[in-house]
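# Fold and contact review
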Amino acid sequence: MSERTPLPRPATGTDDPAAGTVLPGLADTALTAAMRAAVDAARAARRPFGAALIDLASGRLRVCRANSTRETGDRFAHAEMNTLRAGLRNRTDLSGHVLVATAEPCPMCAAASVFAGVDAIVYGTSIATLAALGWKQILLSTDEVLARSTASPITVRGGYLRADTDPLYRTVPGIER
């Protein structure tokens, strides 16, 4: 993986995309559209987990996938893994891309993001919130996983549009746990 300059960490404390730039160099409208696409993918799949991949240079949504563990029998078919796999078709890495997820990537998905070479991860609902709502989790944050990596730094922004994502993980008609 080539060396790259990490994106500066944005100021935290707001979920309002109108309050300022979440990731420098990426229009907040592109980030919001990607998160909303991930939420829609999760709802359509009747799974609460969705993820999308944005090209930083163009702001274009490249890939959007939902969790498919039950349909495929693949316990590793998390929304983030499905999105990264699809994004890596015909590419060797995903530098210049942002992974957007409805929930904080689990340790497996966070590590896969490192190996895929994404520049940033943006997520809605935190692992701590998922655990508090009764979802089985490994209580290791994305920041903790990335801190142990010797690869190029990845910018992480959590809590983005969590007003849209948190409800996915509560008892919601039409979405199976």
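Thresholds applied
- Residues numbered from 1 in each chain as written.
- Predicted model: local features only at pLDDT ≥ 70, side-chain atom pairs only at ≥ 80, totals over all residues.
- Heavy atoms only, no water.
- Axes fitted to C-alpha atoms, helices over the stretch in contact; angles between N-to-C directions.
- Helix = DSSP H or I, 4+ residues; strand = E, 2+ residues; numbered from the N terminus.
- Parallel < 35°, antiparallel > 145°, perpendicular 65-115°, else oblique.
- Left-handed = near helix turned anticlockwise from the far one by under 90°.
- Contact = heavy atoms within 4.5 Å.
- Nonpolar A, V, L, I, M, F, W, Y, C, P; charged D, E, K, R; others polar.
- Pairing = 2+ DSSP bridges.
- Buried < 20%, exposed > 50% of the residue type's maximum accessible area, 1.4 Å probe, protein only.
- Salt bridge = Lys/Arg side-chain N within 4 Å of Asp/Glu carboxyl O.

Right, let's talk about the packing of helix 3 (residues 79-87) against helix 4 (residues 107-116) for a bit. Two elements in contact, helix 3 and helix 4, have axes whose closest approach is 9 Å; the angle formed by their N-to-C orientations is 15 degrees. Taken together, the axes of helix 3 and helix 4 are roughly parallel relative to one another. Relative to helix 4, the crossing made by helix 3 is left-handed. The segment helix 3 lies against helix 4, with Glu 80, Met 81 and Leu 84 engaging Met 108, Cys 109, Ala 112, Ser 113 and Ala 116. Tallied by class, the residues present in the contact of helix 3 with helix 4 amount to six nonpolar, one polar and one charged.

This paragraph deals with the sheet that holds strand 4 (residues 120-125). Across the sheet, which stays open at both edges, the five strands sit in the order 2-1-3-4-5 with mixed pairing between neighbours. Looking at the sheet topology across the chains shown, the edges are occupied by strand 2 (61-66) and strand 5 (155-157). Strand-to-strand, the axes of this sheet are offset by a mean angle of 15 degrees, without reference to chain direction. Relative to strand 5, strand 4 is paired through three bridges, and the arrangement is parallel. Pairing of Ala 120 across the sheet is with Thr 155, part of strand 5.

In the case of a regular strand, side chains alternate between the two sheet surfaces. Strand 1 (residues 50-55) sits mainly inside the fold: six of its six residues count as buried. Where burial is concerned, the two faces of strand 1 agree: the one with Gly 50, Ala 52 and Ile 54 and the one with Ala 51, Leu 53 and Asp 55 are both buried. In sequence, strand 1 turns back onto strand 2 through a hairpin of five residues, with Gly 59 there showing a positive phi of about 75 degrees. Where strand 1 meets strand 3 (residues 97-103), five bridges bridge the pair, whose relative direction is antiparallel. Paired with Ala 51 across the strands is Ala 101, a residue of strand 3.

In this section: the pattern of salt bridges. As enumerated under the stated definition, the model contains three salt bridges in all. Here Asp 164 makes a salt bridge to Arg 36, at a shortest N to O gap of 2.9 Å. Of this pair, Asp 164 sits in helix 7 (residues 162-165) while Arg 36 is found in helix 1 (residues 28-44), placing the two residues 128 residues apart along the sequence. The residue Arg 85 makes a salt bridge to Asp 74 at a minimum N-O spacing of 3.7 Å. With Arg 85 in helix 3 and Asp 74 in the loop between helix 2 (69-72) and helix 3, the pair connects residues that are 11 residues apart, well separated along the chain. You can call Arg 85 partly exposed: its relative accessible area is 38%.

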